[in-house]
Amino acid sequence: MFNWQYNNPVEIHFGPGIIKKLPGLVVPQKAVLITTPGFTKRGITGLLKKSLGNSLVGIIDTVMPNPTLESVKETFLKARQYKYDLIIALGGGSTIDTAKALAAIEASGTVEWIADHLKHKVPFPQKFQPKPIIAIPTTSGTGSEVTMWGTVWDMVEKKKYSICHSLLYPSKAVLDPELTITLNKEETIYSGLDALSHAMESVWNKNHNPVSDTFALQAMSLVYSNLPELINDLTNLELRSTLLQASLLAGLAFSNTRTALAHAISYPLTALYGLPHGLACSLPLRILLGFNGICNFDRMSLFAKILGAEPSLASMKEGIDGLFYKLGISMRLSDYGVSRKDAHEIYKAVLSSERTDNNIAQLDQSDLKALIDRLF
Ligand SMILES: [Fe+2]
C-alpha cells in the first residue's frame with residue numbers, strides 16, 4: 001500500500017483523418033508550424049497551410065533529428081519574426097521537443113537562457129508563460145505529445161539535457177495514424193522499440209502507480225503483439241493505428257514515472273555513436289529484465305503473460321529474444337560498431353544520469369559495470 005497521484009493535462013484527439021480537425025483547434029488564434037523538410041517535400045506542410053489559411057502565420061521546416069542547443073536557438077530566431085499565439089509541432093520526438101524548447105526560450109525572453117538553464121541550472125523566470133503547443137506526432141514511439149519534457153543535446157560536450165516544466169505539456173495532441181503510414185521499416189521498428197522501452201521502463205520504475213502500470217502494460221502488449229506484423233505490412237492502417245495508440249499509452253505511463261536505466265544507457269550510445277534513440281534504449285531491455293527480476297520478481301512477472309512466457313525470468317527473456325528475432329534486430333552493442341573500449345564512457349554517463357535512480361533495482365557500481373559489459 002502506498003500513496004500516489006497521477007496527472008496528465010493533454011487534450012487528446014485520435015483517429016484516421018483526425019488531422020482535418022486541426023483548423024477547429026487553432027482558429028481564431030495565430031499559429032507557427034514547426035516541422036521537418038520531409039513533410040514539406042511530401043506535401044503535408046502545404047495541405048496544412050491550405051486548411052489553416054490566415055491562422056498559419058509562419059512555417060519553420062528545418063527541424064533535424066536530435067535537437068541541439070544550436071538548432072533550438074536557430075528555431076527561436078526564425079520564429080521571432082512571426083506574431084503567433086501557439087506552436088504547432090508536426091513530426092517525431094525531435095520536432096515536438098524543438099517546439100517545447102522554442103516555447104521555453106520565447107517565454108524566458110532571451111536566446112541565451114536555454115544554455116544557462118540546462119548547463120548551469122539558471123531557473124525558469126518567475127513569470128513563465130510559454131505559448132501552448134499542439135503536438136501532432138508522426139511516429140509511433142516518442143510519447144512526447146503527452147509529456148512535459150524535451151530532449152536537447154549538447155553535441156560539443158556530447159551530453160543530453162532535458163528541459164522540463166509542467167507548463168511545457170502540449171495543450172493538445174492530435175494523433176492521426178494516416179500520418180505514420182509513410183514511415184519505412186527501420187523507422188517503424190525503432191519507434192516501436194522506443195514505445196516498448198517507455199512501457200517497460202515505466203513498470204520497473206520507482207515512481208510507478210496503478211494508473212501508469214495499466215497504461216504501460218497495455219502499451220507493451222500492443223507493441224509486442226503487433227509490431228512484428230506491421231513491419232511486414234507497413235501500409236496497414238489498422239496496425240498503424242494500434243502502434244500509435246501503444247505509443248500514446250506508453251507516453252501517458254512514463255509522463256508520470258519518467259524513464260529509467262535503459263534510457264540512461266541509451267544517451268551515450270546516441271551521443272557517441274549516433275545510434276537512433278529507439279534502438280539504443282531497447283538494447284538493454286533484456287538484461288535489465290534480469291537485473292530487476294532479482295530485486296523485484298513479482299513486478300517483473302507482470303510481463304509474463306504479455307510475453308507469452310512462464311512466470312520465470314528465463315522464459316520472459318526468451319519472450320524478448322523472440323520479439324527481436326522477429327524484428328531482425330541484434331541486441332549486441334558490438335553489432336552496431338560500439339567498441340568495448342568505450343564501456344567506461346558509457347558507464348560514466350549512466351552514473352551521472354538522473355534517470356538511473358528511477359530504476360526499481362538499485363544497482364551498485366560493480367552491478368552497473370557488469371550490466372554494461374553484458375551489452376557487448
Ligand atoms: Fe525514449
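Residues numbered from 1 in each chain as written. Predicted model: local features only at pLDDT ≥ 70, side-chain atom pairs only at ≥ 80, totals over all residues. Heavy atoms only, no water.

1. Quick notes on the coordination of the iron ion
Around the iron ion, the protein contributes the donor atoms Asp-194 (OD), His-198 (NE2), His-263 (NE2) and His-277 (NE2), at 2.1 to 2.2 Å from the metal centre. Around the iron ion, the four donor atoms sit at angles spanning 83 to 167°, and that spread fits a shape best called irregular. For the iron ion, all donor residues lie on one chain, and their spacing in sequence is D-x3-H-x64-H-x13-H. Of the two residues, His-198 is situated in helix 7 (residues 185-203) and His-277 in helix 11 (residues 277-282); the sequence distance between them amounts to 79 residues. By relative accessible area, which is 25% here, His-277 ends up partly exposed. (Donors = N, O, S within 2.8 Å, 3.2 Å for Na, K, Ca; no water. Tetrahedral: all angles 85-135°; square planar, octahedral: opposite > 155°, others 65-115°. Helix = DSSP H or I, 4+ residues; strand = E, 2+ residues; numbered from the N terminus. Buried < 20%, exposed > 50% of the residue type's maximum accessible area, 1.4 Å probe, protein only.)

2. So, the domain arrangement of the protein chain
Partitioning the protein chain into domains gives domain 1 (11-178) and domain 2 (185-373). Measuring from the centre of the C-alpha atoms in domain 1 to the corresponding centre in domain 2 gives 26 Å. Both sides together, the interface formed by domain 1 and domain 2 hides about 2,100 Å², and carbon and sulfur atoms give 67% of it. The largest contributions to the domain 1 side of the interface with domain 2 come from Phe-14, Ser-140 and Trp-149, which together make up 27% of the buried area. At the junction of domain 1 with domain 2, the criterion picks out zero salt bridges. Here domain 1 and domain 2 share three residue pairs in polar contact (both at pLDDT 80 or more) between them. Those elements giving two or more residues to the side of domain 1 that touches domain 2 turn out to be strand 1 (11-14), strand 6 (149-154) and strand 7 (159-164). A total of three residues in the side of domain 1 that touches domain 2 trace back to one element, the largest contributor, which is strand 7. Of the residues that constitute the side of domain 1 that touches domain 2, the class distribution is 11 nonpolar, eight polar and five charged. (Domains from an automatic or database assignment. Buried area = accessible area lost by both parts, 1.4 Å probe. Salt bridge = Lys/Arg side-chain N within 4 Å of Asp/Glu carboxyl O. Polar contact = N/O pair within 3.5 Å; in protein donor to acceptor, adjacent residues only side chain to side chain. Nonpolar A, V, L, I, M, F, W, Y, C, P; charged D, E, K, R; others polar.)

3. Structural notes on the pattern of salt bridges
Tallied over the full model, the rule gives nine salt bridges. Of the charged contacts in the structure, one is a salt bridge between Glu-345 and Lys-348, with a shortest N-O distance of 3.2 Å. In this pair, Glu-345 and Lys-348 both sit in helix 15 (residues 343-352), three residues apart, roughly one turn of the helix. Judged by relative accessible area, Glu-345 falls into the partly exposed class, the value being 36%. Salt bridges linked by common partners bring Glu-70, Lys-73 and Glu-112 together as one network.

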